[in-house]
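A closer look at the structure
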Amino acid sequence: MRSELVTAMTINTYNADLNEMNGLVGLVSYVPSSGELFSVKGGNNKLIESALHQARRLYETTSTCKHSKQRIHRQQKQITTVISNGDTMELLSNEESLGEFDIVILAAPLQHCRIQFLIQNPMGMDSSILHPMPLGGVHANVDNEDDADIARRMTNEHGDLVFAVPLPSSATSPYTSVVTTIVSNATINASHFGLDNNEPLPRTILVSERGKMLEGITTLRVISAQKGLIKIFSEEELSLEHRNKMFGSYHIIEYVQIWGGGNNSEHSRYGGATPSFAGGRNSESLPFLLYDSSTHLSTSDGAALYYVNAIESSVAAIEISAIGAKSVAKLVARRLGLVSPVAVRSSHDEL
């Protein structure tokens, strides 16, 4: 019973049992079992909207720049390509250039962002020829011909070696598939879940690994018993026959959101709810500074690419995203000379 309860909590949070995650992820999955829980009304995207609003308001009230209102703005564009020339990074939405920037911050899983990261010829020859950006870093000892990784090195069209380090498996591993379904006017079939028709129904039904295989769901939560409003998490879309067995033939589909997987190849390739931790084997994290052209090109200054989701391969939660965002903000501020590293943390006024 204890094992099934613990497994049910991990399946509810990460759609995975204990054998598929590391110890830190397992610990985080128990957090919702006690204490107060909070959610963002309207969805977590409201956090980004609030941050932009507060940043714009703070900048407009403190900056002496005459054109301050134009310094912080929002563009709803799909970034498709990032190209570094060493000094700056150009952002493109298909063929449209959105400008050149000293610092770019990626706040989405690398394997799902659908962005090409490219650099102009690092040897300073033909700038029209682009190469993949070495996001995994570059080899420090490029003259050691006995290097075991030399077979992985790439050469450009001039025969010059580009000493790119391969990305860890955590940067290419898939995310788990989760489908959110909300139905209304539903009547839960108590006998289907092994319950007596006369006993009160629980607000939440969790499942064990065996229950997940038999029922095809990971969590069922009653939002409003009066309206028959129910939210279900599952690995795949629920068929009409399956829904009828659980909720009766008069239920109404209100909302379906597919996070990875499903019949749509786009969902399967570019989505997912949480990382597939693979029992801790995919826990090698990327650095927050994903690419630094000054290091790659041995120049004193250059463009930089930061990565908010760097530690998500080890543990994933909205709080982890907030930690990543704050870490990147401090690193960017330090790079721009806005703050200095302190030996003893005696205040909270770094930013």
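Higher on the page you've got the structure.
To keep things clear, this report deals only with the structure shown in the data block. The structure displayed is predicted, hence computed values, not measured ones. (Residues numbered from 1 in each chain as written. Predicted model: local features only at pLDDT ≥ 70, side-chain atom pairs only at ≥ 80, totals over all residues. Heavy atoms only, no water.)

Details of the sheet that holds strand β4 (residues 103-106)
One open sheet holds the three strands; their spatial order is β4-β15-β14, and the pairing between them is mixed. Of all the strands in the sheet, just β4 and β14 (289-292) have a single pairing partner and so form its edges. On average, each strand axis in the sheet is inclined to that of its neighbour by 15°, with strand direction left out of account. Across four bridges, the pairing between β4 and strand β15 (residues 304-307) is parallel. Among the inter-strand pairings, I105 is bridged to a residue of β15, identified as Y306. Its contacts with the sheet put helix α8 (residues 318-335) on β4, β14 and β15, and the angle it makes with β15 is roughly 160°. (Pairing = 2+ DSSP bridges. Helix = DSSP H or I, 4+ residues; strand = E, 2+ residues; numbered from the N terminus. Axes fitted to C-alpha atoms, helices over the stretch in contact; angles between N-to-C directions. Contact = heavy atoms within 4.5 Å.)

Some words on the nonpolar core
M89, L106, L110, F117, M133, L135 and L305 are the most contacted members of the largest nonpolar core, which has 29 residues in total. If you list the elements that add at least two residues to this core, you get β2 (89-93), β4, β5 (116-120), β14, β15 and α8. Among the elements that make up this core, the one with the highest residue count is β15 (four residues). Setting aside its immediate chain neighbours within four residues, M133 contacts V82, S84, M89, F117, L118, I119, Y291 and L305. Residues I11, F193, I217 and I232 belong to the second largest nonpolar core, which totals 15 residues. (Core = buried A, V, L, I, M, F, W, Y, C linked by side-chain atoms within 4.5 Å. Buried < 20%, exposed > 50% of the residue type's maximum accessible area, 1.4 Å probe, protein only.)

Focus on the pattern of salt bridges
Taken as a whole and judged by the stated rule, the model has four salt bridges. For the salt bridge of K46 with E49, the shortest nitrogen-to-oxygen distance reads 3.7 Å. Of this pair, K46 and E49 both sit in helix α3 (residues 45-62), separated by three residues, roughly a single helical turn. The class for K46 is partly exposed, based on a relative accessible area of 36%. With a closest N to O distance of 3.3 Å, K77 and E96 form a salt bridge. Of this pair, K77 sits in the loop between α3 and β1 (81-84) while E96 sits in strand β3 (residues 96-101), and the two are 19 residues apart along the sequence. Owing to a relative accessible area of 37%, E96 belongs among the partly exposed residues under this scheme. (Salt bridge = Lys/Arg side-chain N within 4 Å of Asp/Glu carboxyl O.)

Section: the sheet that holds β5
If you walk across this open sheet you meet the five strands as β3-β2-β1-β5-β6, and the pairing is mixed. Each edge of the sheet is formed by a strand with only one pairing partner; in this case those strands are β3 and β6 (130-132). Averaged over all pairs of adjacent strands, the angle between their axes in this sheet comes to 30°, without regard to strand direction. Sheet analysis places β1 next to β2, joined by four bridges and oriented antiparallel. Bridging from a neighbouring strand, I83 pairs with E90 of β2.

What about empty space enclosed by the protein?
Applying the stated rule across the entire model yields one cavity of 30 Å³ or more. Estimated volume of the largest cavity: approximately 110 Å³. The residue inventory of the lining of the largest cavity, partitioned by class, reads seven nonpolar, seven polar and one charged. (1 Å grid on protein atoms, 1.4 Å probe; cavity = no way out; pocket = protein on both sides within 12 Å on 5 of 7 lines; lining within 4 Å. Points joined across faces, edges and corners; volume = space filled by probe spheres on them. Nonpolar A, V, L, I, M, F, W, Y, C, P; charged D, E, K, R; others polar.)

Focus: the pairing of β15
Along β15, one buried face is formed by A304 and Y306 and the opposite face, lined by L305 and Y307, is buried too. With three bridges connecting them, β14 and β15 associate as antiparallel partners. The residue bridging L289 from the neighbouring strand is Y306, located in β15.

Quick look at the environment of N189
Structurally, N189 can be placed in the loop between β9 (178-184) and β10 (204-206). Judged by relative accessible area, N189 falls into the partly exposed class, the value being 29%. Taking C-alpha positions, N189 is 9.9 Å from L201, a pair spaced 12 residues apart along the chain. Apart from residues lying up to four places away in sequence, N189 is in contact with K245 and M246.

A short note on unusual backbone geometry
Even without a glycine there, the phi angle at N94 is positive, about 60°. Tracing the backbone through its elements, the reader meets N94 in the loop between β2 and β3. By relative accessible area, which is 56% here, N94 ends up exposed. Although it is not a glycine, N185 sits at a positive phi angle of roughly 55°. Along the chain, the position of N185 falls in the loop between β9 and β10.

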